[in-house]
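Examining the three-dimensional arrangement
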Amino acid sequence: MCGIVGYIGARKAQSVLLDCLGKLEYRGYDSCGIAVLNDGIEVRKDAVRVKALAKALAPLNGTTGIGHTRWATHGEPSKVNAHPQCDCTGRIAVVHNGVINNFQKLREQLAEEGHTLASQTDTEVIPHLIEKYYDGDFVKAVERALKDIEGSYTMIALMAGESRLVAARKDSPLIIGIGDRENFLASDVPALLDYTSRVIYLEDGDIAVVNAGGVRVKNNGSPIVREEHKILWSVEDAQKGGYEHFMLKEIHEQPRVIRDTLAEYIASAEPIADLTAAGGTGPEDLLILACGTSYHAGLVGKYIIEGLVKIPVRCEMADEFNYAGQVSARNKALVITQSGETTDALKAVKKLKEAGCEVIAITNVVGSTASRLADRTIYTRAGPEISVAATKTFLGQLIALYWLALPYARVDIRRLDELVRELRQLPVKVQQVLDNEAAIADIARQMAGYENIFFIGKGINYPVALEGALKLKEISYIHAEGYAAGELKHGPFALLGSRTPVVAVVAQDNTCEPVITSIKEIKARRSPVLVLMSEGDDDTAELADFVITVPQIDPLFSPVVNSVALQLLAYYVAKQRDCPIDFPRNLAKSVTVE
Ligand code: AGP
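Every value quoted in this text rests on a predicted model; they were computed, and no experiment measured them.

Side note on helix H4 (residues 125-133)
- Residues Val125, Ile126, Pro127, His128, Leu129 and Ile130 constitute the buried set of H4.
- Packed against the buried residues of H4 are strand E5 (85-86), strand E6 (92-97), helix H3 (103-112), helix H5 (138-147) and strand E7 (154-159).

Put into structure tokens, the structure is as follows:
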């Protein structure tokens, strides 16, 4: 996690850096800071959000600088632990995203050599190492310092008297934004949209020397040319557009996301990816790996693909797979990651590739690490997602999974036509859910006083229950757990009662009856029940204390409308509880540490 930025050019660096940092706060926001080159280096930092730091600062004069917004890994959020971190002389400043595994040993060595390290961060060893190796050549000193470091060290260094920034990428993203006699560095594209649409993605092991007039990149000691890319996202994509929160804006963008994502897939005559197994015998034995919300999309994908293509699908959390998962070269794997930068997901890609397995990535970010490591990439067209809670990218992932499965569906042509028609109707149906926002907000206000809530679903809506609970807990801080409907009686029933409501997702398929049985059992234990169900199901509505309806839909697509309703529920519960919806405590958008 953490967002890092750099600027070199003719503008006042302070305002560029603070502006860009504000757009990277989704990566971490427990403290922040900037260092600006003037006569020496001026560092300003604190354990506050970027806006508060900006307000507190007097104007600085320099036109070169670096900045950081932090998600703490080593040392609590505090002024001293905030970045930039400096060397003993205060002439070298560094911002860093990653984890230095051998920092303890390096600290001890540096201390023995007379360096005084003031913070508890792993990062602080970097400026001290640069200081140690500096003999008149800043770039060489950085290169030499990095040789001592084990771990992940995407960073930017600034030195007094040097009109250049030195940046390195290892295991977390870093891009260079190309301007007119000015250049930018940032962890992610949204930070730079106001300034340029020309970017270079650095690769692992790259060291870049950036000045106002140009960029030089080396990898493994040799100069290398990295291609320039044009960014298609607009400035508006990364703004709130009149909504109170990014999350609400992103929830409302979902009809558009489905249309854009489908339009791109429909335009291609070929299936978006080949599910044929390594032996060429047709799809068999698919492995899906992901984390968090993307893992829930993967679980829905398992039900879609098993239901349509009739092949066994394993869906595992990437981190668990990395430690214990078995894989053979015959497996075909899908790795789902909206950011394309999640460390656990990237480790899974590497493990799969080492086993000789073909990897298809589903991601929202063009040029992301996942897209570069995978054999093939399917893009979702959600646009930048700023809110930490994933919403529109989840829906984009579901659309990708439906479209991936359809060419291989073992169903007759009439059913296939029906499915494609229903898929094309999804933007309209999602809009109908959004049109019901006021009613959902009203129920949310009534749910906001509880401290424990269960979510249940069955079959393809079991992952929807998991996702509903994740969304609620991450933004409202209510303890929420998602369960398979049939599993609740095997233990969690002990927690039921009038202060523990249950949200039950009821679909119009073979899971309907058993979920209704579960609801009756739950009611008998006095838990209030909120039923999420299709319009017109009056019998089920009668069982419920609260009802949210969604438009009638083919059960295969019910996760799409149900998830949107649960996103709105989570949003309005969090709003009622006055939570910082876009930036929940302790979280970050892109988890680039293990
Ligand atoms: C979802 O709301 C979370 N922010 C989180 O679970 C997220 O989905 C997870 O960290 C995976 O991220 P990725 O899709 O970028 O890999």
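Let's talk about the site of the ligand
- The local shell around the ligand holds 15 residues, among which Ser294, Thr337, Ser339, Thr342 and Glu474 are the closest.
- At a separation of 2.8 Å, an oxygen atom of the ligand approaches a polar backbone atom of glutamine 338.
- In this structure, an oxygen atom belonging to the ligand sits 2.5 Å away from a side-chain N or O atom of threonine 342.
- With the chains in place, 92% of the 420 Å² that the ligand exposes on its own is no longer accessible.
- Counting residues per element, the ones that place at least two in the shell around the ligand are helix H8 (292-309) and helix H15 (462-476).
- Split by residue class, the shell around the ligand holds 6 nonpolar, 7 polar and 2 charged.
- When residues are assigned to domains, the shell around the ligand turns out to be shared by domain 2 (240-424) and domain 3 (433-583), each giving three or more.

Here we look at the packing of helix H12 (residues 392-405) against helix H18 (residues 558-576)
- Running from N to C, H12 and H18 cross one another at 175 degrees; their axes reach a closest spacing of 11 Å. It follows that H12 is roughly antiparallel to H18 by the angle criterion. Only Pro559, Val560, Ser563, Val564 and Gln567 of H18 make contact with H12, whose side of the interface consists of Phe394, Leu395, Leu398 and Tyr402.
- Split by residue class, the contact of H12 with H18 holds 7 nonpolar, 2 polar and no charged.

Some points on the sheet that holds strand E4 (residues 64-70)
- The antiparallel open sheet is built from 8 strands, whose spatial order is E3-E2-E4-E1-E10-E9-E11-E15. Strands at the two margins of the open sheet, each flanked by one partner only, are strand E3 (41-46) and strand E15 (228-230). Going across the sheet, the axis of each strand differs from the next one's by a mean of 20 degrees, ignoring polarity.
- Taken together, the 4 bridges between strand E1 (residues 3-8) and strand E10 (residues 183-186) define a ladder with antiparallel strand orientation. Bridge pairing links glycine 6 to leucine 185 in E10.
- Strands in contact with helix H1 (residues 13-22) are E1, strand E2 (31-37), E4 and E10; relative to E2, the strand with the most contacts, it is inclined by about 155 degrees.

So, the packing of H8 against H15
- Look at H8 against H15: their axes get within 8 Å of each other, and the N-to-C directions meet at 170 degrees. Comparing their axes, H15 and H8 come out roughly antiparallel. For the pair H8 and H15, the crossing hand works out as left-handed. From H8, Gly292, Thr293, His296, Leu299, Val300 and Tyr303 reach across to H15, where they touch Tyr462, Pro463, Leu466, Glu467, Leu470 and Lys471.
- Class assignment of the residues belonging to the contact of H8 with H15 gives a composition of 7 nonpolar, 3 polar and 2 charged.

Re the pairing of strand E25 (residues 546-550)
- By the alternation rule, side chains of E25 split into Phe546, Ile548 and Val550, which are all buried, and Val547 and Thr549, of which none is buried.
- Sheet topology note: the strand E24 (residues 529-534)/E25 ladder contains 5 bridges and is parallel. Looking at E25, one finds that valine 531 is bridged to valine 547.
- With helix H17 (residues 538-543) bridging E24 and the parallel E25, this β-α-β connection has right-handed handedness.

Description of the pairing of E1
- For E1, the tally of buried residues reaches 6 of 6 residues, placing the bulk of the element in the interior.
- Of the two faces of E1, the one carrying Gly3, Val5 and Tyr7 and the one carrying Ile4, Gly6 and Ile8 are both buried.
- Where E1 lies against E4, 6 bridges are found, and the strand directions are antiparallel. Looking at E4, one finds that tyrosine 7 is bridged to glycine 65.

Some details on the domain arrangement of the protein
- Here the protein is described as being made up of domain 1 (3-231), domain 2 (240-424) and domain 3 (433-583).
- Taken together, the contacts link 33 residues of domain 2 with 28 residues of domain 3.
- Where domain 2 abuts domain 3, roughly 2,700 Å² becomes buried across the two surfaces, and 68% of that area is made up of carbon and sulfur atoms.
- At the junction of domain 2 with domain 3, the criterion picks out 2 salt bridges.
- Among the salt bridges present, the one from lysine 575 reaches glutamate 244, with a minimum N-O distance of 2.8 Å.
- Across the domain 2-domain 3 interface, the total number found is 15 residue pairs in polar contact (both at pLDDT 80 or more).
- Of all the secondary-structure elements, those providing two or more residues to the side of domain 2 that touches domain 3 are helix H6 (246-252), helix H7 (254-267), H8, H12 and helix H13 (413-435).
- It is H8 that contributes the most residues to the side of domain 2 that touches domain 3, 8 residues altogether.
- In the side of domain 2 that touches domain 3, the residues fall into 20 nonpolar, 8 polar and 5 charged.

Section: the packing of aromatic side chains
- Under the criterion given, the structure shown has 6 aromatic pairs.
- Look at tyrosine 402 and phenylalanine 557: their rings are 4.6 Å apart centre to centre, the planes differ by 50 degrees, and that puts the pair in the tilted class. Taken together, the positions of tyrosine 402 in helix H12 and phenylalanine 557 in the loop between E25 and H18 put the pair 155 residues apart, joining distant regions of the chain. Per residue, the accessibility class of tyrosine 402 equals that of phenylalanine 557, and both read buried.
- Centroid distance tyrosine 571 to tyrosine 572: 4.9 Å. Interplanar angle 90 degrees. Geometry classified as edge-to-face.

Conventions adopted
Residues numbered from 1 in each chain as written. Predicted model: local features only at pLDDT ≥ 70, side-chain atom pairs only at ≥ 80, totals over all residues. Heavy atoms only, no water. Buried < 20%, exposed > 50% of the residue type's maximum accessible area, 1.4 Å probe, protein only. Helix = DSSP H or I, 4+ residues; strand = E, 2+ residues; numbered from the N terminus. Contact = heavy atoms within 4.5 Å. Near = heavy atom within 4 Å. Polar contact = N/O pair within 3.5 Å; in protein donor to acceptor, adjacent residues only side chain to side chain. Areas by Shrake-Rupley, 256 points an atom, 1.4 Å probe, with all protein chains shown as cover. Nonpolar A, V, L, I, M, F, W, Y, C, P; charged D, E, K, R; others polar. Domains from an automatic or database assignment. Axes fitted to C-alpha atoms, helices over the stretch in contact; angles between N-to-C directions. Parallel < 35°, antiparallel > 145°, perpendicular 65-115°, else oblique. Pairing = 2+ DSSP bridges. Left-handed = near helix turned anticlockwise from the far one by under 90°. Right-handed = clockwise from strand over helix to strand, strands pointing away. Buried area = accessible area lost by both parts, 1.4 Å probe. Salt bridge = Lys/Arg side-chain N within 4 Å of Asp/Glu carboxyl O. Phe/Tyr/Trp six-rings, centres within 6.5 Å; stacked < 30°, edge-to-face > 60°.

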